Amino acid sequence: LSLGALLGLDAAQAQDKSALTRVRERGRLVVGLYHDLPPFHVKGQGIEIELAQALAKSLGVEPSLLPFNADENMNDDLRNMVWKGHYLGYGPADVLLHVPVDRPLMQDNPQVSIFGPYWRERVVVARDLSKLPDLDSLEPLKGQKVAVPGQSLAGWLMIGAESGMLRDSLITKLENGVVAAQMLQRGEVVAAAGLRSELESTLRGDARFAIAPIPMPRAPRDGWAVGMATKKSATDLAEALQGALNGLAESGALKAMFAKANLDWRPV
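Residues numbered from 1 in each chain as written. Predicted model: local features only at pLDDT ≥ 70, side-chain atom pairs only at ≥ 80, totals over all residues. Heavy atoms only, no water.

Caption draft 1: Spotlight on the nonpolar core. Ranked by size, the top nonpolar core spans 36 residues in total, and within it Leu29 and Tyr118 carry the most contacts. Broken down by element, this core gets its largest block of residues, eight residues, from helix α3 (residues 47–59). (Core = buried A, V, L, I, M, F, W, Y, C linked by side-chain atoms within 4.5 Å. Buried < 20%, exposed > 50% of the residue type's maximum accessible area, 1.4 Å probe, protein only. Helix = DSSP H or I, 4+ residues; strand = E, 2+ residues; numbered from the N terminus.)

Here it is in structure tokens:
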């Protein structure tokens, strides 16, 4: 056989090995993580850093973290980080964390398996109880300073609410909901909107503030589950990761990871 044929044979044999076997032979699990996603990942710290380490440990390998910046939409992220790889030359990862466990997303991306929900996210609003004891509608926020990151679902909802009723008093040039919550803590605004994880991790346990769903019909009240994704063909790896996640939930380790970020984890 020629060298080329031998190399081709080696590649074919490697391809024949299951995803889990390849991960174990390599000795590391490559985990895709979003940059700048508090409290899940900020500069090498956060819930999903610990989760990646625990998943790798359960497979008997080391974690190899592959942080990246979100693309235009989730379909792009799944292509770049799960089934194809990025055109800049990195990826794909063995598993991507923080993927919405969403049926339409699954149908749009037949190349991937989305599974293992570990957190339920919601769009919420936090308010200063001394200034807003009740908030059954958005009317009390009219003319009041409210912090919300403009480039987010919460921002889109608040900017467009009631034909733009709040637009002139919203503070929107913010990186994320954590920054909005910190402005509320400092008394710079009467309310802050963002994701449940962002606002609760900052404000939970502080009796001065209440956190509740945004009182508007367009806001998804039940929120959405967040889980992980692998290649569709990586069946055994997905099963092993789901088993590892189940173990972390049953042992209380998953709850402890979220508790470090001031979040109350419940089974999804």
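Caption draft 2: Quick look at unusual backbone geometry. The omega torsion across proline 38 and proline 39 is 0 degrees, close enough to zero to call that bond cis. Inspection of the secondary structure assignment puts proline 39 in the loop between β1 (28–34) and α3. With an omega of 0 degrees, the peptide bond running from glycine 91 to proline 92 counts as cis. Position of proline 92 among the secondary structure elements: in the loop between α4 (74–83) and β3 (95–100). Here lysine 43, not a glycine, exhibits a phi torsion of approximately 50 degrees, which is positive. Residue lysine 43 is classed as exposed on the basis of its relative accessible area of 75%. For histidine 98, which is not glycine, the phi dihedral falls at a positive 65 degrees. On the secondary structure map, histidine 98 appears in strand β3.

Caption draft 3: Just the pairing of strand β8 (residues 191–195), in detail. Burial analysis of β8 places four of its five residues in the buried class, the great majority of the element. Sheet topology places strand β5 (residues 123–128) next to β8; five bridges connect them, and they run antiparallel. By the bridge assignment for β8, valine 125 is matched with alanine 193. Inspection of the sheet shows strand β6 (residues 146–147) paired to β8 by two bridges, in the parallel sense. (Pairing = 2+ DSSP bridges.)

Caption draft 4: Helix α6 (residues 153–160), seen in detail. Within the span of α6, buried status applies to Ala154, Gly155, Leu157 and Met158. Taken down its axis, α6 places every buried residue within 165 degrees of arc, on the same side. Where α6 is buried, its residues meet β5, β6, β7 (170–171) and β8. One or two residues past the end of α6 sits glutamate 162, with phi positive at roughly 50 degrees. (Arc of directions from axis to C-beta. Contact = heavy atoms within 4.5 Å.)

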